[in-house]
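# Structural overview for review
This is what each chain is made of:
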Amino acid sequence: MPDAPPNHRHAAYLGSFDPVTLGHEDIIRRGAKLFDRLTVGVGINPDKRPLFTPAERVDLMREALADLPNVTVATFDGLAVDFARQSGATALLRGVRSLMDIEAELTMSLTNRTLAPELETVFLMAHENLSHVSSSLIKQIARFGGPAVAQQLHQFVPPTVVGPLLEKYAGDGAD
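First, a word on scope: everything that follows refers to the structure included in this document. (Residues numbered from 1 in each chain as written. Predicted model: local features only at pLDDT ≥ 70, side-chain atom pairs only at ≥ 80, totals over all residues. Heavy atoms only, no water.)

## With respect to the overall build of the protein
For the protein, the helix and strand inventory stands at 7 helices and 5 strands. Ordering the α and β elements of the protein from the N terminus gives β-α-β-α-β-α-β-α-β-α-α-α. Relative to the globule expectation of 16 Å for 175 residues, the C-alpha radius of gyration of the protein, 16 Å, shows essentially globular dimensions. With the C-alpha coordinates of the protein rotated into their principal frame, the extents come out at 50 × 35 × 30 Å. Evaluated residue by residue, the protein yields a buried proportion of 43% over its 175 residues. (Helix = DSSP H or I, 4+ residues; strand = E, 2+ residues; numbered from the N terminus. Rg over C-alpha atoms; globule rule 2.2 N^0.38 Å. Buried < 20%, exposed > 50% of the residue type's maximum accessible area, 1.4 Å probe, protein only.)

What follows is the structure, given as structure tokens:
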């Protein structure tokens, strides 16, 4: 992706989103109201084995956010600050759920500021009803609860994610 000119009303929200949760969606929807443009970067980490492929994660994210015309979704690998620069963002949007998140996010923010002083980091607190939701927790529920938990998964992930999530674990003998 060639570097886009910086836009001071453009933020990048980056993560693995494996899978996207209602917590992620909440931060994105709130961020889309604060910024003229929001680019969601679906990270590719070669050291991890995600449940969904990068293309699947992008598709699931795009389906969940289809009604937001100022949000785009793309994959990236490498440094978050490089992706933000390439997309033309001048801010990194981050969601925080707990005190542990704040500590980790502070460390990351200070490092990003050293690497890219022109980028600001904007933190949004997770909605109190979603602060306990994580992709890891969702995967455990889907894996061990199987189809019996389909209705409960709607409390944690966008509706378009429930079916594909359960399909990933169908027949693995975990339930």
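Now, onward.
## Quick notes on the pairing of strand β2 (residues 37–43)
Burial of β2 is extensive: 6 of the 7 residues sit out of reach of the surface. The sheet contact formed by β2 and strand β3 (residues 71–76) spans 6 bridges and is parallel. When the bridges of β3 are listed, Leu38 appears paired with Val71. (Pairing = 2+ DSSP bridges.)

## A few points about the nonpolar core
Among the nonpolar cores identified, the biggest contains 36 residues, and Ile28, Val40, Met61, Leu65, Val71, Leu153 and Leu165 are the most heavily contacted of them. No other element matches helix α7 (residues 159–169), which puts 5 residues into this core. Grouped together as the second largest cluster of nonpolar side chains are 10 residues, Phe76, Phe83, Ala84 and Ala116 included. (Core = buried A, V, L, I, M, F, W, Y, C linked by side-chain atoms within 4.5 Å.)

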